[in-house]
Amino acid sequence: MRTEQQRPWEPASWQGFPAAQQPEWPDPLEMENVLTELRAVPPLVFAGEARSLQSSLAEVARGDAFLLQAGDCAEAFGDFSANAIRDKLKIILQMAVVLTYAAGLPVVKVGRIAGQFAKPRTSPNERLHDVELPSFRGHAVNDAAFDAESRTADPHRLMRAYHQSAATLNLIRAFTKGGFADLNQTHMWNQEFVAGSKQGQRYEAMARQIDRALRFMAACGVDLARDPVLHEVDFYISHEALLLGYEEALTRQDSLTDDWYDCSAHLLWVGERTRQVDAAHVEFLSGIKNPVGVKVGPLASADEVIALCDRLDPTNEPGRLTFIARMGAEQVTEVLPALVRAVSKEGRTVVWACDPMHANTFTTSTGVKTRRFDDILTELRGFFSVCQQEGAPPGGVHLELTQEDVTECLGGSEEILDTHLHEKYLALCDPRLNARQSLDLAFQLGEMLQES
Ligand code: PEP
Ligand code: CO
């Protein structure tokens, strides 16, 4: 760990620490050239936006707002179109409006989008029959196809990830500020394949009530046209800060405050595999001023969590640090209470969010990676009850979902069964909720929020 005598933090200081999950780039010189290019490109976000997100997260930490962080496990180079971006935004906006309506709380919207291109892997290699190849590490590194060329890490992919992130964010900004996210448009966010379902109809009914409420306010003389909060949405982007060379290259000094911000996203998190307190990823996050997240799994101890608070948020700034608990449906009520209690006992203000996806993944007898909708709900319920019991606000959720009509997660009211999984399984990495399941989840989550 850094001691007082050591040099102050700089974007490259992580290089003096052990860095897990970094790909083997075959040609270091080629990699260096790409990083030089990345150091010169414009930032994707600017410091003021990261500060706004942090103040919204401070409200979440106080229990005055709720965090909805959602998107793909891994974004894909091949899944890059205006329609895909628009429809992903639709489902997140739908979920947010359902939650706002149910809980009467503002919802802070953060996508796993516009940069979520790198994946940590349990094993560095993958074996199929007699062939062993490097694991797929996300489109910023290599390709998922199982052949030697596809699996070789290619630094030019970092540049492509940057450009795809820029174009994605550009469209997100246009949609969220240019009228698409207007509260008068709630009906438009219901995709066709969702609209006919039970939850799609429930959503329509809610959207009609919102219309009535807006007409009522207008009739009372409120000038709705002039109030930007009804017509625009703040939508933030986030990804796992995994490839530290890329993150370092996009880290810039803010001219107003002289602080360093990782301008590849508003919020960066470290995953369950890279959250060691004295290693490179946490070192990197410790010096950037963006709000940061840490995934915590069932093996995390109270001491580790407190050490992460000390390291990442030494001045206890509300909104700076979000713990994303991913404990599993069975373990959440056993493991999480001690962590929440330890953090409260230290007088720390953090956001507690629940990722009910990653500890509920399993492989079926036919070899398909999936998750059960019911396990996801059970973990969420467990999370809410732990927060209530420990007197901490249930701050938010972290979900893997897609706008598409996929069959990747089991169950939900449309009852996706084992035998359906092969029908439309498009995930590059982990199985995602489809848009119907996501809306279904939002309604159930709304009820949990209401009860809490
Ligand atoms: C992920 O968020 O896709 C992920 C790999 O999560 P975790 O670090 O919690 O396993
Ligand atoms: Co995942």
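Relevant structure appears above.
Residues numbered from 1 in each chain as written. Chains lettered and ligands numbered in written order. Predicted model: local features only at pLDDT ≥ 70, side-chain atom pairs only at ≥ 80, totals over all residues. Heavy atoms only, no water.

Caption draft 1: The site of ligand 1, seen in detail. Taken together, Cys73, Arg112, Lys119, Pro120, Gly271, Glu272, Arg273, Lys295, Arg326, His358 and Glu400 make up the full set of residues near ligand 1. Arg273 is positioned such that a nitrogen or oxygen atom in its side chain is 2.9 Å from an oxygen atom of ligand 1. Between Lys295 and ligand 1, the recorded distance is 2.8 Å, taken from a side-chain N or O atom to an oxygen atom. In the complex, the protein chains occlude 97% of the 300 Å² of accessible area that ligand 1 would expose alone. The cavity that encloses ligand 1 is the second largest pocket. In terms of residue class, the shell around ligand 1 is built from two nonpolar, two polar and seven charged. (Near = heavy atom within 4 Å. Polar contact = N/O pair within 3.5 Å; in protein donor to acceptor, adjacent residues only side chain to side chain. Areas by Shrake-Rupley, 256 points an atom, 1.4 Å probe, with all protein chains shown as cover. 1 Å grid on protein atoms, 1.4 Å probe; cavity = no way out; pocket = protein on both sides within 12 Å on 5 of 7 lines; lining within 4 Å. Sits in = over half its atoms within 2 Å of the grid points. Nonpolar A, V, L, I, M, F, W, Y, C, P; charged D, E, K, R; others polar.)

Caption draft 2: Broad picture of the nonpolar core. Counting residues in each nonpolar core, the largest one holds 120 residues, and the members touching the most others are Leu38, Leu68, Phe323 and Trp352. Contact partners of Leu68, with chain neighbours within four places excluded, come to Ile92, Met95, Ala96, Leu99, Val107, Val108, Lys109, Val110, Val397 and Leu399. Among the nonpolar cores identified, the runner-up in size contains 14 residues, and Val60, Ala61, Leu67 and Val351 belong to it. (Core = buried A, V, L, I, M, F, W, Y, C linked by side-chain atoms within 4.5 Å. Buried < 20%, exposed > 50% of the residue type's maximum accessible area, 1.4 Å probe, protein only. Contact = heavy atoms within 4.5 Å.)

Caption draft 3: Molecular detail of the pattern of salt bridges. For the structure on display, the rule yields 27 salt bridges. Arg151 is paired through a salt bridge with Glu126; the nearest N and O atoms lie 2.9 Å apart. You can see Arg151 sitting in helix α4 (residues 148-151) and its partner Glu126 sitting in strand β3 (residues 125-128), a full 25 residues away along the chain. Residue class for Arg151 comes out buried when judged on its relative accessible area of 4%. Residue Asp234 pairs with Lys177 through a salt bridge whose shortest N-O separation is 2.6 Å. Taken as a pair, Asp234 in the loop between α7 (198-219) and β5 (235-240) and Lys177 in helix α5 (residues 156-177) lie far apart in primary sequence, 57 residues in all. We classify Lys177 as partly exposed; its relative accessible area is 39%. (Salt bridge = Lys/Arg side-chain N within 4 Å of Asp/Glu carboxyl O. Helix = DSSP H or I, 4+ residues; strand = E, 2+ residues; numbered from the N terminus.)

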